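# Structure assessment
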Amino acid sequence: MSYVLVALLSVTLTVAVMLGIFMSNRQSSKLMALEQLIRERFIGDVDQTAIEDAAASAMVNALGDRWSYYIPADEYAAYMEQMNNAYVGVGVTITLEESGDIRVIEVVAGGPAEEAGIQVEDLIVKVEGQSVSGMNLNDIGKQIQGEENTTVSITVLRGSEEKTMEVTRRAIRTPVVEAQLLEENIGLITIFNFNSNCAVETITAIQELMARGAQKLIFDVRNNPGGYAQELVKVLDYLLPEGKLFTTVDYTGAEHTDMSDASCLELPMAVLVNGNSYSAAEFFAAAMAEYDAAVVVGEKTSGKGYFQSTFRLPDGSAVGLSIGKYYTPKGQSLADVGVTPDVQVSLENSQAGLEPMEDPQVLAAIEALNS
């Protein structure tokens, strides 16, 4: 009798925990049974990491949320480099040509590769003395990259002469912003993303263009995938007058609103957007429009209304999970709606990469500012 009473007391005290375990076991039993079946009966070799990555990716995809994503452990470092707008490497951009040649198409100014003597148009033929013939760009990139302050031997073919250089890997910051002064004292500021350093670089670019005589500004956030909310808020705070900037509501219902101070930039402005303007990029355009601070030009944006947090998993992989919603200064969600430009101008694929004064959307923005 005493045993039964003790057992009943234990069940009463732990019923919530036990129910959670029971539900977890029920939900995972199929996966566990399948894994055991594969282990016991599958005739081929089993790559456990590949199985777990596929299962994790499928679970996230099954949410039906196109904004949540899974990051395998071997891709997490590259993901963080992208978010930090910095990477450890030698400072070259390479391309694989139809001939199979690996050509250097860009060398970072002041970077390790430039210091070692590598030039644009060089063909990379060896890394650490091993031929790169037949290798893909990803594999070559992994060979060139490595720990900071270590060296890598790169052999290039320049004309008919091979040159071997020892290059020291260093942390290299990726530019976030590009600024140009166009005709009629119009400054064009291209923001590539809203990740680390976006606010500092954007504000610096604005100030430098104004010092050079810019009297109107165009912000280009086309093909901008978004980034950190705090970077967006800093840029908007610099540009816009006092008021609401950005509101988030998380999965608990907790609401937070970022505010702008009274200081603002009083210049005619325009924002360029397209279907690949995501997240912070389209909220930037929406806020500028709602404050009547800028005319929006281009094509309708993607319509992202959720924000994500990144959670590390035990094996070093991670999941970016949508955990809340965000809203424009006027309380509008952009989910599946996006931003519809004031001046709609489409751009054909053949027109991508045009010089600013040949770009129909840039020209439309200039016309809107001048009118």
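Read on for an overview of the structure. (Residues numbered from 1 in each chain as written. Predicted model: local features only at pLDDT ≥ 70, side-chain atom pairs only at ≥ 80, totals over all residues. Heavy atoms only, no water.)

The next point concerns the side chain of R103. Summarising the element assignment, R103 is placed in strand β4 (residues 102–107). At 2.6 Å, the side chain of R103 forms a polar contact with the side chain of E97. When sequence neighbours within four positions are dropped, the list of residues in contact with R103 reads T93, I94, T95, E97, E121, D122 and L123. (Helix = DSSP H or I, 4+ residues; strand = E, 2+ residues; numbered from the N terminus. Polar contact = N/O pair within 3.5 Å; in protein donor to acceptor, adjacent residues only side chain to side chain. Contact = heavy atoms within 4.5 Å.)

It is the contact of helix α7 (residues 229–239) with helix α8 (residues 280–290), at a shortest axis distance of 10 Å, that shows an interaxial angle of 20 degrees. Our classification of the angle between α7 and α8 gives roughly parallel. In this structure, the crossing between α7 and α8 has a hand that is right-handed. Contacts between α7 and α8 involve L232, V235, L236 and L239 from the first element and A280, F283, F284, A287 and M288 from the second. (Axes fitted to C-alpha atoms, helices over the stretch in contact; angles between N-to-C directions. Parallel < 35°, antiparallel > 145°, perpendicular 65-115°, else oblique. Left-handed = near helix turned anticlockwise from the far one by under 90°.)

Below, the discussion takes up the sheet that holds strand β19 (residues 343–344). Ordered in space as β10-β11-β12-β15-β16-β19, the six strands form an open sheet in which the pairing is mixed. Edge strands, defined here as strands with exactly one partner in the open sheet, are β10 (177–182) and β19. Relative to β19, strand β16 (residues 294–298) runs parallel, the two being bridged by two bridges. Each bridged residue has a counterpart across the sheet, and for V297 the counterpart in β19 is V343. (Pairing = 2+ DSSP bridges.)

End to end, helix α2 (residues 48–61) covers 20 Å across 14 residues, agreeing with the expected 20 Å (1.5 Å per residue, within 8%). Here α2 starts with a cap whose side-chain oxygen sits 3.2 Å from the backbone nitrogen of T49, and that cap is D47. (Expected span 1.5 Å × (residues − 1).)

Okay, the pairing of β4 next. Sheet topology note: the strand β3 (residues 92–96)/β4 ladder contains five bridges and is antiparallel. Bridging across to β4, I94 finds its partner in V104. The turn joining β3 and β4, which pair antiparallel and follow one another in sequence, is formed by five residues; a positive phi near 95 degrees is taken by G100. Pairing of β4 with strand β5 (residues 123–127), which is carried by two bridges, proceeds in the antiparallel orientation. By the bridge assignment, R103 is partnered in β5 with L123.

Ranked by size, the top nonpolar core spans 43 residues in total, and within it L217, F219, L239, F284 and M288 carry the most contacts. Top element by residues in this core is α8. It accounts for eight residues. Look past the residues within four positions of L217 in its chain and what remains in contact with it is G187, I189, I206, L209, L265, L267, P268, M269, A270 and L369. Ranked by size, the runner-up nonpolar core spans 19 residues in total, among them V104, A113, I140 and M165. (Core = buried A, V, L, I, M, F, W, Y, C linked by side-chain atoms within 4.5 Å. Buried < 20%, exposed > 50% of the residue type's maximum accessible area, 1.4 Å probe, protein only.)

As a further point, take the environment of Y69. Within the secondary structure, Y69 is located in strand β1 (residues 69–71). A sequence separation of 10 residues divides Y69 from Y79, and the C-alpha atoms of the two residues are 12 Å apart. Leaving out residues up to four positions away in the same chain, Y69 has contacts with V60, Y79, Q308, T310, A318, V319 and G320.

Below, the discussion takes up the pairing of strand β17 (residues 306–312). In this structure, β17 lies alongside strand β18 (residues 318–327), joined through seven bridges in antiparallel fashion. When the sheet's bridge partners are listed, R312 is paired in β18 with A318. Between β17 and β18, which pair antiparallel one after the other, the connecting turn spans five residues, and G316 there sits at a positive phi close to 95 degrees.

Take the side chain of D65 next. Looking at the element boundaries, D65 is found in the loop between α2 and β1. No salt bridge forms around the buried D65; measuring N to O, its nearest opposite-charge neighbour R66 is 6.8 Å away. Within the local environment of D65, its side chain forms a polar contact with the side chain of S322, the two groups lying 2.5 Å apart. Not counting residues up to four positions away in its chain, the partners in contact with D65 are Y306 and S322. (Lys, Arg positive; Asp, Glu negative; His and termini not counted. Salt bridge = Lys/Arg side-chain N within 4 Å of Asp/Glu carboxyl O.)

What follows deals with the packing of helix α6 (residues 198–211) against α7. Contact pair α6 / α7: the axes reach a minimum separation of 8 Å and the direction vectors enclose 25 degrees. As the angle between them shows, α6 and α7 are arranged roughly parallel. In this structure, α6 crosses over α7, and the sense of that crossing is right-handed. In contact with C198, A199, T202, I203, I206 and Q207 of α6, α7 contributes E231, K234, V235, Y238 and L239. When grouped by side-chain class, the residues that make up the contact of α6 with α7 number seven nonpolar, two polar and two charged. (Nonpolar A, V, L, I, M, F, W, Y, C, P; charged D, E, K, R; others polar.)

Just distances and angles here, no functional claims.
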